[in-house]
Amino acid sequence: DAALVPGYYSSCCGGRAARAVDVIGNHPANDIAPLAGREGEDICTAVKVANWTIQRPVEVLTRRLIAYGNRRGRGDLTGLATIASIEVVESNVHQRPVRYAVTDVRAHRVELGAETFMRAANYEGQGLSSPKQPLMSSYLSAAVNESTVIFRGHGLGHGAGMCQYGAEQLARSGKSHRDIVAWYYPEAQIVRAYT
């Protein structure tokens, strides 16, 4: 059965593809081969936004996660004390993080989907202004010390479907539009839909 492929795209995948079911939503339209990501590293890793580092005070990040929990009715987040660690607990087949565990100084542990974690870490409201440097994607690792969290991240956006920076690089290298579609939407076919 043929079906239309949603044309998801992000600015920069950071080198590893996300699956649409993980970052857009768990819906049957997203759970198809062309939206499961491509194998291997993307060409976008050479662009400036492919790699970034952001530091946040632990205390402010903890407050953001708690405020997000209050807003979303997540008691597991509202019960957080000062964050002690943030770890990847699940990755997709392309080695892009899908789920993080946040553990506080009292060993209280909360698991969050990668995109949810990013939204919570960037949350503004309940007396918190927008972060000066928001996390740009959910493809990241975090090192926590007593007062600071250092995020080392990759890309800009959710990473599902086509990477705009990567598509531009592929086009500049001489790849055709068909080659680019085949790379970013594996197993998809380009067909004429009009007569």
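Further up the page is the structure itself.
This text gives an overview of the structure that appears in the document.

## A short note on the pairing of strand β2 (residues 52-57)
Here β2 shows a clear split, with W52, I54 and R56 buried on one side and none of T53, Q55 and P57 buried on the other. Across six bridges, the pairing between β2 and strand β7 (residues 148-153) is antiparallel. Paired with R56 across the two strands is V149, which belongs to β7.

## Brief notes about the pattern of salt bridges
Evaluated as defined, the whole model comprises seven salt bridges. A salt bridge links E59 to R63, with the nearest nitrogen and oxygen atoms 3.5 Å apart. With E59 and R63 both in helix α2 (residues 58-72) and four residues apart, the pair spans about one turn of that helix. Residue E59 is classed as partly exposed on the basis of its relative accessible area of 46%.

Cut-offs and rules
- Residues numbered from 1 in each chain as written.
- Predicted model: local features only at pLDDT ≥ 70, side-chain atom pairs only at ≥ 80, totals over all residues.
- Heavy atoms only, no water.
- Buried < 20%, exposed > 50% of the residue type's maximum accessible area, 1.4 Å probe, protein only.
- Helix = DSSP H or I, 4+ residues; strand = E, 2+ residues; numbered from the N terminus.
- Pairing = 2+ DSSP bridges.
- Salt bridge = Lys/Arg side-chain N within 4 Å of Asp/Glu carboxyl O.

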